[in-house]
Amino acid sequence: MSATFWVQLLFMLFGLIALGSGLLVVTTNNLVHSALWLVVTLGALAGCYLLLAAEFVAWVQVLIYLGAVVVLLLFALMLTRAPTGKQPDLTTSNRWVAAGVGTLTAVVLVSSVVSGFRDVRIDLNDPLVGTAAVTGDLIFRRWVLPFEALSVLLLAALVGAIALSRGTHAPADDAADRLDETTG
Amino acid sequence: MMPLWWPLVLACLLFSLGVYGVLARRNAVQVLMAIELMLNAVNLNLVAFDAYLRDVVHSGQVLTLFVIVIAAAEIGLGLAIVLLVFRTHAGIDIDEMTELADRDDVEAVKEAGARV
């Protein structure tokens with residue numbers, strides 16, 4: 001009983017943290033702060049995964065998302081010379097339309113989910129915990145074919161990213177360089 | 001015991017925040033952050049249903065791992081494209097990216113600039 005209470009309380013807490021920082025990610029006027037609030041959101045979601053017995057997924061979330069993806073985003077912000085201070089024009093002028101669409105999405109999704117799963121409960125008293133041993137065993141037995149296909153996809157994406165960011169032989173680059181030379 | 005709709009509602013709200021971010025933000029990197037929010041909302045759904053169905057092969061958790069991998073590939077490619085756009089357009093404001101065609105000659109680039 002008390003364990004259930006603590007799980008529910010912690011989940012509520014992590015959920016509220018994720019929602020609040022997620023709201024700040026999409027509304028703050030500071031580019032770097034927005035990336036750092038994303039760290040808080042993803043970390044809180046990792047806590048939610050832990051509470052839902054997905055142990056390995058939670059640590060992968062911490063490693064890949066908090067460790068790699070956010071650092072990549074920060075690098076991209078630096079390489080595009082993003083200003084570090086406050087900027088008033090980070091959202092478009094049609095942000096009210098966007099807010100309306102977002103609210104509508106939320107209303108539709110939440111109402112359908114609540115009406116569909118209102119009385120359903122997750123039994124977390126005796127859960128099948130997805131530890132690294134269990135998940136690794138399953139990935140390399142049951143899910144090995146999609147796993148290998150994904151590794152090829154990741155390789156292709158890496159090669160594509162390198163080919164894109166080298167860009168020395170791209171015609172568009174040359175044209176832009178020539179344009180720079182002609183315009184001074 | 002936890003109601004199943006708690007994680008589902010959390011995922012729905014995070015997804016809506018991502019939708020708002022994709023539509024309202026001007027900086028391309030921030031649009032990518034909003035896409036990450038949406039992908040994470042889907043991941044939370046998958047993990048919640050995995051716990052609810054007590055799946056012995058953990059389809060939900062394994063699919064979540066796959067989505068994380070695809071998100072990493074997507075963010076790598078997306079940021080490479082953003083950097084390329086920054087180099088050719090001197091800015092990553094997606095409201096101003098009305099000319100993304102790959103042109104060979106200078107005149108066409110100039111014409112496009114004049115039209116905009």
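Computed from a prediction, not measured in an experiment: that's the story for all the values here.

How each quantity is defined
Numbering of residues starts from 1 in every chain and runs along the sequence as written. The order in which chains are written sets their letters, starting at A; the order in which ligands are written sets their numbers, starting at 1. Local features in this predicted model are restricted to residues whose pLDDT is 70 or higher, and side-chain atom pairs enter the listing and the counts only when it is 80 or higher, whereas totals over whole chains, interfaces and linings include all residues. Numbered from the N terminus, helices here are DSSP runs of H or I no shorter than four residues, and strands are runs of E no shorter than two. Note on contacts: residues are paired as contacts if their backbone-placed C-beta atoms lie within 7 Å. Throughout this entry, Asp, Glu, Lys and Arg are counted as charged residues, while Ala, Val, Leu, Ile, Met, Phe, Trp, Tyr, Cys and Pro are counted as nonpolar. The remaining residues, Gly among them, count as polar. Paired strands, in this sense, are two strands between which DSSP finds at least two bridges. Counting other C-beta atoms within 10 Å of each residue's C-beta, where C-beta atoms are placed from the backbone, gives the exposure class: buried for 20 or more, exposed for 12 or fewer, partly exposed between.

Peer 1: Pulling in residues and values, what's your account of the overall build of chain B?
Peer 2: Scanning chain B from terminus to terminus reveals four helices and one strand. Starting at the N terminus and walking to the C terminus, you meet the elements of chain B as β-α-α-α-α. Within chain B, residue pairs in contact and separated by at least 24 positions form 46% of the contacts whose partners lie at least 6 positions apart.

Peer 1: How would you explain the overall build of chain A if you had to name every residue and give the values?
Peer 2: Scanning chain A for helices and strands turns up seven helices and one strand. Relative to all contacts within chain A whose residues are 6 or more apart in sequence, the contacts with residues 24 or more apart total 61%.

Peer 1: A description of the interface of chain B and chain A should follow, citing residues and the corresponding values.
Peer 2: At the interface, 71 residues of chain B touch 86 residues of chain A. Of all the elements in the fold, those that place two or more residues in the side of chain B that touches chain A are β1 (2-3), α1 (5-24), α2 (28-53), α3 (59-89) and α4 (106-115) of chain B. For the side of chain B that touches chain A, the element with the most residues is α3(B), which contributes 20 residues. When grouped by side-chain class, the residues that make up the side of chain B that touches chain A number 50 nonpolar, 10 polar and 11 charged. For strand β1 (residues 121-122) of chain A and β1(B), the ladder comprises two bridges, and the chain directions are antiparallel. Residue pairing in the sheet places A:R121 in a bridge with B:P3 of β1(B).

Peer 1: Which residues make up unusual backbone geometry, and what values do they have?
Peer 2: A positive phi is found at A:A53, a non-glycine position, where the angle reads about 70°. Along the polypeptide, A:A53 turns up in the loop between α2 (31-51) and α3 (55-79). In this structure A:A53 comes out as buried when scored by C-beta crowding, with 22 C-beta atoms within 10 Å. At B:R54, a residue that is not glycine, the phi angle is positive and equals roughly 50°. For B:R54, the location among the structural elements is in the loop between α2 and α3. Judged by the 13 C-beta atoms lying within 10 Å of it, B:R54 is partly exposed.

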